[in-house]
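Each chain, letter by letter, is given below.
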Amino acid sequence: LAAGPVEPPASTVEGFIEAFLRELNYGQGVLLSRSTINDQYLALARTVREYLMAGWLETGALRREGDRKIVGYLSAEYLLGRQLGNALLATNLQDIAEEAMRRCGIDIAALRAQEIEPGLGNGGLGRLAACFVDSLATMDVPCIGYGIRYEYGIFRQTFENGRQVEVPDSWLALGSPWEFPHPERQVRVDFGGHTEKWTDDQGRERTRWVPGWNVLGIPYHHMVPGFRNGTVNTLRLWSAKATQAFDLQIFNSGDYATAVRAQTFAENISKVLYPEDSTPQGKELRLQQQYFFVACSLHDFIANTLPKDFDLRQLPERIIFQLNDTHPVIAIPELMRILVDIKGFDWDEAWDITRRCFAYTCHTLLPEALEVWSVELLGRLLPRHLEIIYQINELFLEEVRQAFPGDEMRARRMSIIAEHPERSVRMAYLATIGSAKVNGVAELQSQLLRDKVLPDFSEYEPAKFTNVTNGVTPRRFIYLANRRLSNLITDTIGSEWVTDLDRLRELEPYADDAGFRAEFAAVKQANKERLFRLLSVRDGLELPQHAMLDVLVKRLHEYKRQTLKLLHIVSLYEDVISGTVAIDQVVPRTFIFGAKAAPGYHLAKEIIFLINSVAATINADERVKGVLSVAFPANYNVTLAEKIIPAADLSEQISLAGKEASGTGNMKFALNGALTIGTDDGANVEIRQLVGDDNFFLFGMTEPEVEALHARGYNPAEYYESNDKLQRTINLIASGHFTDGDRALSAQVVDNLVTQDPFMVLADFQSYLDAQARVDAAYRDPERWTRSAILNVARSGFFSSDRSMRDYLDRIWLSSPVE
Ligand SMILES: CCc1ccc([C@H](C)CC(=O)N[C@@H]2O[C@H](CO)[C@@H](O)[C@H](O)[C@H]2O)cc1
């Protein structure tokens with residue numbers, strides 16, 4: 001029998017139909033005539049898998065034989081989006097599949113709509129991980145993504161009377177054809193218990209962990225197809241199950257619940273994604289989740305990916321584990337435990353290996369988002385790891401004391417162990433000390449990391465700190481989401497841009513071509529109409545065909561300042577109903593919001609309610625009908641983003657300067673021909689530098705100005721009292737005008753704004769309004785607007801996640817695994 005995979009089905013309509021019907025009849029076990037949409041979707045998914053399988057098997061074989069350095073991407077979140085469309089794209093089978101389904105009497109669009117996206121992430125961090133693994137496969141870089149196979153992903157958001165209601169996300173309910181379980185590769189993961197000393201046969205005093213309980217980790221493999229290059233990398237997601245699923249004795253004694261308790265207890269570990277995306281709750285289960293997937297991943301890599309007799313001293317030449325924020329950082333003491341306790345390395349040798357195997361990416365600037373675990377909890381759940389962290393800390397502080405003799409305050413500041421408010425482990429410090437490189441995700445944030453978040457560490461090891469500005473995959477966010485624009489670009493400059501996004505530069509001259517501008521504007525209008533059709537069916541929203549689409553879609557968080565957008569909308573509305581501005585003087589705008597709030601984030605949920613209340617009032621007000629509309633489709637996710645972003649005219653990136661680490665939505669909008677109104681925050685700075693000041697609506701304080709205002713004491717009431725327009729706007733909200741006259745229903749948000757306003761919404765209000773007036777002026781000149789939109793596309797090639805990967809290879813992963 002040949003070693004290689006058997007022949008994949010023929011890349012012809014006939015070949016595809018044959019493979020599909022075999023999957024339907026023999027895989028799904030139904031006849032076409034009696035098959036349901038779900039049967040057809042599952043059979044179609046499995047058919048496309050077959051075309052990818054050969055590449056997957058070959059890529060795996062190549063990786064095993066070769067000695068190329070592998071990137072191990074450790075992330076607690078992957079926001080993958082729907083897989084079918086991306087797989088058809090990567091295999092270049094879209095047209096063949098569409099025709100094959102048509103001949104079977106099936107509308108492939110209905111099957112695409114059947115897929116439930118795996119929502120295994122909260123927002124930016126999770127989606128970035130998905131873009132990164134896509135790029136590494138397309139660039140043929142050996143990469144294994146490691147994560148958690150949550151049974152329930154990010155909650156489904158529904159609105160009841162304008163209020164967010166969370167519904168469990170049972171994404172696996174109708175089957176999941178894109179994953180391959182490998183129970184034979186299960187890993188035992190230990191927890192609890194205690195440690196004890198013992199002397200080994202070389203007379204060395206050693207430590208061993210005597211765990212209290214354990215669970216099994218089952219890997220589920222996902223294909224990560226490169227774009228038409230035959231490469232298919234692997235995403236390995238771990239699912240927890242009980243070591244002893246079922247206690248027969250207890251069962252026979254009739255205590256059924258106890259009999260299966262172990263099972264439920266174990267399964268809880270990978271049951272559900274924590275829906276917080278900035279304020280850790282410090283829950284024990286969350287730490288269990290983090291250690292669970294890290295322990296499975298390290299064990300599996302050493303046991304199954306490395307050659308049997310691999311010399312672990314060479315580990316840093318074979319793998320670099322990228323830590324996607326602090327969530328997988330327990331991997332550092334876990335590798336030390338494996339090398340010292342199990343493999344018998346002495347501490348210094350083990351530490352030298354470990355700190356060259358890890359690199360840490362920090363995705364936040366919010367102090368409250370930096371994870372700390374109490375020594376009490378860590379010591380109880382992972383007693384050996386706490387000991388190892390203490391030892392790492394002690395040796396590190398010794399180095400610091402030598403470098404800065406007598407500066408005990410510095411040593412105390414740099415200690416991994418915080419004494420207040422309770423003894424706890426600062427995971428960002430452990431990550432920094434145990435990594436070869438630390439990077440931020442945009443120039444500004446990386447600088448603030450050095451200057452404000454980790455200054456002592458930056459001063460102590462400046463070379464360790466670098467920046468890699470985020471990026472997004474052009475395959476999903478242009479080619480897949482915006483076929484019309486893709487075709488226009490390819491017809492104009494060829495198709496290389498898909499894997500070489502800098503080629504978009506060649507579009508620049510066409511900004512001055514009226515014909516091209518007309519085609520470009522027609523693409524935008526068609527994408528708008530596609531969105532309107534969807535929102536009409538999906539959310540019962542009827543939106544005017546010809547208005548500027550002003551879009552703000554991202555997680556709901558005060559620092560992202562959805563309330564500032566709300567004040568703008570109300571100020572425009574107030575202009576009209578107060579007779580200050582004639583309705584025909586108002587540039588027609590449709591405001592689109594998309595945002596989930598962490599279930600425990602009360603004020604965020606109040607802001608969602610207020611946005612929905614303002615939307616209902618304005619949409620029902622004849623005085624502004626067809627001119628001002630507000631839409632807030634529920635359950636914003638990757639699939640909805642793929643429909644909203646190509647339709648947008650104006651991209652709202654209005655966070656308080658110094659708060660948004662990077663943003664990636666901002667990049668997706670610019671690449672899809674929307675103009676940005678934004679502050680100099682995160683990657684907005686780099687977008688503005690590349691697209692040019694004329695093609696970006698900048699407003700608001702800079703980060704240093706925010707710091708200065710903060711330092712001298714910010715009193716929002718001053719701005720309220722001194723700005724008549726702001727006052728009228730806030731008073732209208734406070735009056736209950738949008739909440740059936742019930743002032744209490746808007747009071748929390750209003751009071752917070754006028755009394756605390758921690759993210760200085762009122763301070764940036766006037767500058768924002770002035771910028772929006774500039775937007776109106778620009779939009780009144782469609783040729784100027786379209787020209788600017790084309791320049792945004794042409795000059796945003798830098799924001800490809802392929803470029804980000806090249807930077808990681810050059811600056812962090814060093815000896816690039818690509819020969
Ligand atoms: C609950 C603990 C927690 C804390 C932080 C986080 C993430 C780091 C939050 C996050 O998604 N950050 C976003 O990361 C994106 C990718 O780098 C950036 O573009 C966004 O600016 C940043 O907010 C998740 C969960």
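Analysis parameters
- Residues numbered from 1 in each chain as written.
- Predicted model: local features only at pLDDT ≥ 70, side-chain atom pairs only at ≥ 80, totals over all residues.
- Heavy atoms only, no water.
- Phe/Tyr/Trp six-rings, centres within 6.5 Å; stacked < 30°, edge-to-face > 60°.
- Lys NZ or Arg CZ within 6 Å of the ring centre and 35° of its normal.
- UniProt positions renumbered as here; feature names shortened; annotations may be inferred.
- Helix = DSSP H or I, 4+ residues; strand = E, 2+ residues; numbered from the N terminus.
- Contact = heavy atoms within 4.5 Å.
- Buried < 20%, exposed > 50% of the residue type's maximum accessible area, 1.4 Å probe, protein only.
- Pairing = 2+ DSSP bridges.
- Near = heavy atom within 4 Å.
- Polar contact = N/O pair within 3.5 Å; in protein donor to acceptor, adjacent residues only side chain to side chain.
- Nonpolar A, V, L, I, M, F, W, Y, C, P; charged D, E, K, R; others polar.
- Domains from an automatic or database assignment.
- Core = buried A, V, L, I, M, F, W, Y, C linked by side-chain atoms within 4.5 Å.
- Buried area = accessible area lost by both parts, 1.4 Å probe.
- Salt bridge = Lys/Arg side-chain N within 4 Å of Asp/Glu carboxyl O.
- Axes fitted to C-alpha atoms, helices over the stretch in contact; angles between N-to-C directions.
- Parallel < 35°, antiparallel > 145°, perpendicular 65-115°, else oblique.

## With respect to the packing of aromatic side chains
Using the criterion set out here, one finds 28 aromatic pairs in the structure. Taken together through their ring pairs, the aromatic side chains of Phe191, Trp209, Trp213, Phe265 and Tyr291 make up a single cluster. A cation over a ring is seen here: Lys596 above Phe155, with NZ or CZ 5.4 Å from the ring centre. Over the ring of Phe477 we find Lys668, and its NZ or CZ is 4.3 Å from the ring centre.

## A word on the UniProt feature "modified residue: N6-(pyridoxal phosphate)lysine" (unreviewed entry) in the protein
Here the UniProt feature "modified residue: N6-(pyridoxal phosphate)lysine" (unreviewed entry) sits at Lys668. Its location among the elements puts Lys668 in helix α25 (residues 665-671). Beyond its immediate stretch of four places on either side in the chain, Lys668 contacts Arg127, Val472, Phe477 and Ile645.

## With respect to the side chain of Ser629
Tracing the chain through its elements places Ser629 in strand β22 (residues 628-631). Contacts of Ser629, omitting those with residues within four sequence positions, involve Leu543, Pro544, Arg589, Thr590, Phe591 and Asn619.

## What about the pairing of strand β13 (residues 319-324)?
For β13, a buried count of 6 out of 6 residues is recorded, marking the element as mostly surrounded by other parts of the structure. In β13, alternate side chains face the same way, and those of Ile319, Phe321 and Leu323 on one face and Ile320, Gln322 and Asn324 on the other are all buried. Inspection of the sheet shows strand β1 (residues 70-74) paired to β13 by 5 bridges, in the parallel sense. Note on β13: the bridge partner recorded for Ile70 is Ile319. With 4 bridges connecting them, β13 and strand β14 (residues 358-361) associate as parallel partners. Counterpart to Phe321 in the pairing with β14 is Phe358.

## A closer look at the site of the ligand
Around the ligand, the surrounding shell holds 21 residues, and the nearest of these are His363, Asn470, Glu660, Ser662 and Gly663. One nitrogen or oxygen atom from the side chain of His363 is found 2.6 Å from an oxygen atom belonging to the ligand. Measuring from an oxygen atom of the ligand, one finds a backbone N or O atom of Ala661 at 3.3 Å. In terms of residue count, helix α6 (residues 124-138) provides more of the shell around the ligand than any other element does, 3 residues in total. Split by residue class, the shell around the ligand holds 7 nonpolar, 9 polar and 5 charged. The residue makeup of the shell around the ligand includes at least three contributed by each of domain 1 (68-82 + 117-367 + 435-469 + 806-813) and domain 2 (528-799).

## As for the side chain of His385
Relative to the helices and strands, His385 is located in helix α14 (residues 383-403). The contacts of His385, once residues within four sequence positions are left out, are Trp209, Tyr291, Ile330, Pro333, Glu334 and Arg337.

## Overview of the nonpolar core
One finds Phe292 and Phe301 to be the most contacted residues of the largest nonpolar core, which totals 115 residues. When residues of this core are assigned to their parent elements, the largest contribution, 10 residues, is made by helix α9 (residues 284-305). The contacts of Phe301, once residues within four sequence positions are left out, are Ile70, Ile144, Tyr146, Leu306, Leu315, Arg318, Ile319 and Phe321. Counting residues in each nonpolar core, the second largest holds 105 residues, with Leu504, Met548, Phe697 and Phe699 among its members.

## Looking at the domain arrangement of the protein
As far as domains go, the protein holds domain 1 (68-82 + 117-367 + 435-469 + 806-813) and domain 2 (528-799). Between domain 1 and domain 2, the C-alpha centre-to-centre distance is 36 Å. Domain 1 puts 34 residues into the contact, and the matching count from domain 2 is 39 residues. Taken together, both faces of the contact between domain 1 and domain 2 bury some 2,900 Å²; the carbon and sulfur share is 57%. Together, Gln157, Phe159 and Arg163 form the three largest contributors to the area buried by domain 1 at its contact with domain 2, with a combined 19%. Summed over the shared surface of domain 1 and domain 2, the number is 3 salt bridges.

## Points about the packing of helix α31 (residues 761-779) against helix α32 (residues 782-794)
Where α31 contacts α32, the axes come no closer than 6 Å and their chain directions differ by 110°. Our classification of the angle between α31 and α32 gives roughly perpendicular. Each of Val775, Ala777, Ala778 and Tyr779 in α31 lies in contact with α32, whose residues at this interface are Pro782, Arg784 and Trp785. Here the residues of the contact of α31 with α32 are counted per class, giving 6 nonpolar, no polar and 1 charged.

## Quick notes on the environment of Lys283
Its location among the elements puts Lys283 in the loop between α8 (256-267) and α9. On the basis of relative accessible area, Lys283 is assigned to the partly exposed category, the value being 41%. A sequence separation of 279 residues divides Lys283 from Gly4, and the C-alpha atoms of the two residues are 47 Å apart. Leave out the neighbours within four places in its chain, and Lys283 touches Tyr274 and Trp373.

## Quick word on the environment of Thr12
Looking at the secondary structure, you find Thr12 in the segment before α1 (13-27). Of the residues examined, Thr12 reaches a relative accessible area of 34% and is grouped as partly exposed. Linking Thr12 and Gly379, residues 367 residues apart in sequence, is a C-alpha distance of 59 Å. Reaching out from Thr12, the side chain makes a polar contact with the backbone nitrogen of Gly15 at a distance of 2.8 Å.

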